[in-house]
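# Observations on the three-dimensional arrangement
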Amino acid sequence: EFDRKLLAEAEKTAQVRGMMLRELNHRIRNNLQMIVSMLRLQKTRPGGADVDEVTTRVLAIARIHDLLHRSEGSFDIEFGGLLEAICRSEAIVPPERNVRIVCDCERMSVQAALATPLALCAIELVTNAVKHAFGPEGGRIDLVLRQSGPIGSLTVADDGSGLPEVPTRRSGLRVVDALVRQVRGEIAVRSGPRGARYVVTFPVQLD
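Everything in this summary refers to the structure shown in the same document.

Thresholds applied
- Positions within a chain are numbered from 1, following the residues in the order the chain's sequence is written.
- Totals for whole chains, interfaces and linings use all residues, but because this is a predicted model, local features are given only for residues with pLDDT of at least 70 and pairs of side-chain atoms are given and counted only at 80 or more.
- As a convention, hydrogens and water are excluded, and side-chain values are obtained from all of the structure's heavy atoms.
- Working definition: helices are DSSP H or I runs of at least four residues, strands are E runs of at least two. Numbering for both runs from the N terminus.
- Partly exposed describes any residue whose relative accessible area lies between the buried limit of under 20% and the exposed limit of over 50%, with all areas from a 1.4 Å probe on protein chains only and scaled to the type maximum.
- Working rule for contacts: check all heavy atoms of both residues, and any pair within 4.5 Å makes them a contact.
- Axis definition: a line fitted to C-alpha atoms, over the contacting stretch in the case of helices. Angles run 0 to 180 degrees between N-to-C directions.
- Crossings are assigned a handedness: left-handed for a near helix turned anticlockwise from the far helix by less than a right angle, right-handed for a clockwise turn.
- Polar here means any residue other than Ala, Val, Leu, Ile, Met, Phe, Trp, Tyr, Cys and Pro, which are nonpolar, and Asp, Glu, Lys and Arg, which are charged; Gly is therefore polar.
- Note: the arc covers the axis-to-C-beta directions of the helix.
- Counting of polar contacts relies on pairs of N or O atoms within 3.5 Å, with two restrictions inside protein: one atom must be capable of donating a hydrogen and the other of accepting it, and residues adjacent in sequence are counted only when both atoms are side-chain atoms.
- Under this scheme an angle from 65 to 115 degrees is roughly perpendicular, one under 35 degrees roughly parallel, and one over 145 degrees roughly antiparallel; angles in between are oblique.
- Here, a salt bridge means any side-chain nitrogen of Lys or Arg that lies within 4 Å of a carboxyl oxygen of Asp or Glu.
- Here the nonpolar core consists of buried residues drawn from Ala, Val, Leu, Ile, Met, Phe, Trp, Tyr and Cys, with membership extended through side-chain atoms lying within 4.5 Å.

With respect to the secondary-structure elements, Ser153 resides in strand 5 (residues 151-158). Under the relative-accessibility criterion, Ser153 is labelled buried at 18%. Along the chain, Ser153 and Ile187 lie 34 residues apart, while their C-alpha atoms are 9.5 Å from each other. Residues contacting Ser153, with those up to four places away along its chain left out, are Val144, Leu145, Arg146, Val200, Thr201 and Phe202.

Okay, here's the thing in structure tokens:
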């Protein structure tokens, strides 16, 4: 009886690990396709793709897969800590730009299917602000993550010059729009003389 229980438990563990492996392979394939699509969009920008930005995105995805490997059977990611780790990267905010990121992220568990596009969305919004919102004096970017019931919100706000009437900062937002649609979310944009504010709302769990 003891041996039968051990065998049943081993078979159950093997099934779970097999399911996780199939899911991870599926995520890797989808994420590689996502990177290719983002590179194609960046290729249309003046000067082509930015190597540092591409590297940051790839490392963010690698971090998500690493967390999945350590999750012991769960397909959920602790997203607040992931955002804080990503935004410490100097590839996102080079020190010479004199831009400070302030993270105020709640601990929030989200599905891996949401974590990847949301992390890339945050990277796009932050790098877009770093490039276009500030002059030589630099500034501040606030990254806020909150959850209210089944809905999460990701806010990226800067204290820069705001959005110009001619939307030169809009090129980078094509990627953001696509990522927001992928998580079945919505994005609201506000701009004024004291900076721009982007709020992405999304379901914490997909059906």
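Let us keep going from here.
For the rest of this paragraph, the subject is the packing of helix 3 (residues 79-87) against helix 4 (residues 112-132). Relative to each other, helix 3 and helix 4 sit at 35 degrees, their axes nearing to 11 Å. Helix 3 and helix 4 meet at a crossing whose hand is right-handed. Between helix 3, through Phe79, Leu82, Leu83 and Ile86, and helix 4, the contact on the second element is made entirely by Ala115, Leu118, Ala119, Ala122 and Ile123. Split by residue class, the contact of helix 3 with helix 4 holds nine nonpolar, no polar and no charged.

With that settled, consider helix 3. Among the residues making up helix 3, those that are buried are Phe79, Gly80, Leu82, Leu83, Ile86 and Cys87. What you see down the axis of helix 3 is that its buried residues fit within an arc of 160 degrees, all on one side. Two or three places before Gly80, at the start of helix 3, stands the capping residue Glu78, its side-chain oxygen 3.0 Å from that residue's backbone nitrogen.

A few words now on the packing of helix 4 against helix 5 (residues 173-182). Two elements in contact, helix 4 and helix 5, have axes whose closest approach is 9 Å; the angle formed by their N-to-C orientations is 155 degrees. Taken together, the axes of helix 4 and helix 5 lie roughly antiparallel to each other. The chirality of how helix 4 crosses helix 5 is left-handed. Residue-level inspection shows Pro117, Leu120, Cys121, Glu124, Leu125 and Asn128 of helix 4 in contact with helix 5, the latter providing Leu173, Val175, Val176, Leu179, Val180 and Gln182.

This structure, assessed with the given rule, holds five salt bridges. Here Glu78 makes a salt bridge to Arg107, at a shortest N to O gap of 3.4 Å. One end of the pair, Glu78, is in strand 1 (residues 76-78); the other, Arg107, is in the loop between strand 2 (99-105) and strand 3 (109-111), and 29 residues separate them in sequence. A relative accessible area of 33% places Glu78 in the partly exposed class. What makes Arg107 exposed here is its relative accessible area of 56%. In this structure, Arg146 and Glu106 form a salt bridge, with 3.9 Å as the shortest nitrogen-oxygen distance.

One non-glycine residue, Asn98, adopts positive backbone phi at about 60 degrees. Accessibility expressed as a relative area gives 46% for Asn98, which makes it partly exposed. Here the phi dihedral of Arg184 falls at roughly 60 degrees; this positive angle occurs in a residue that is not glycine. The exposure class assigned to Arg184 is exposed, which follows from its relative accessible area of 55%.

In an α-helix, one full turn covers 3.6 residues, which means residues spaced three or four apart are oriented alike. Listed in full, the buried residues belonging to helix 5 are Leu173, Val175, Val176, Leu179 and Val180. The buried side chains of helix 5 occupy one side of the element, clustering within an arc of 145 degrees when seen end-on. Positive phi shows up at Arg184, right after helix 5, with a value of about 60 degrees.

One finds Phe79, Ile141 and Phe202 to be the most contacted residues of the largest nonpolar core, which totals 45 residues. Elements supplying a minimum of two residues to this core: helix 3, strand 2, helix 4, strand 4 (139-148), strand 5, helix 5 and strand 7 (195-203). Among the elements that take part in this core, helix 4 stands out by supplying 13 residues, more than any other. Residues contacting Ile141, with those up to four places away along its chain left out, are Val99, Arg100, Ile101, Val102, Val126, Ala129, Val130, Phe134, Val156, Ala157 and Asp158.

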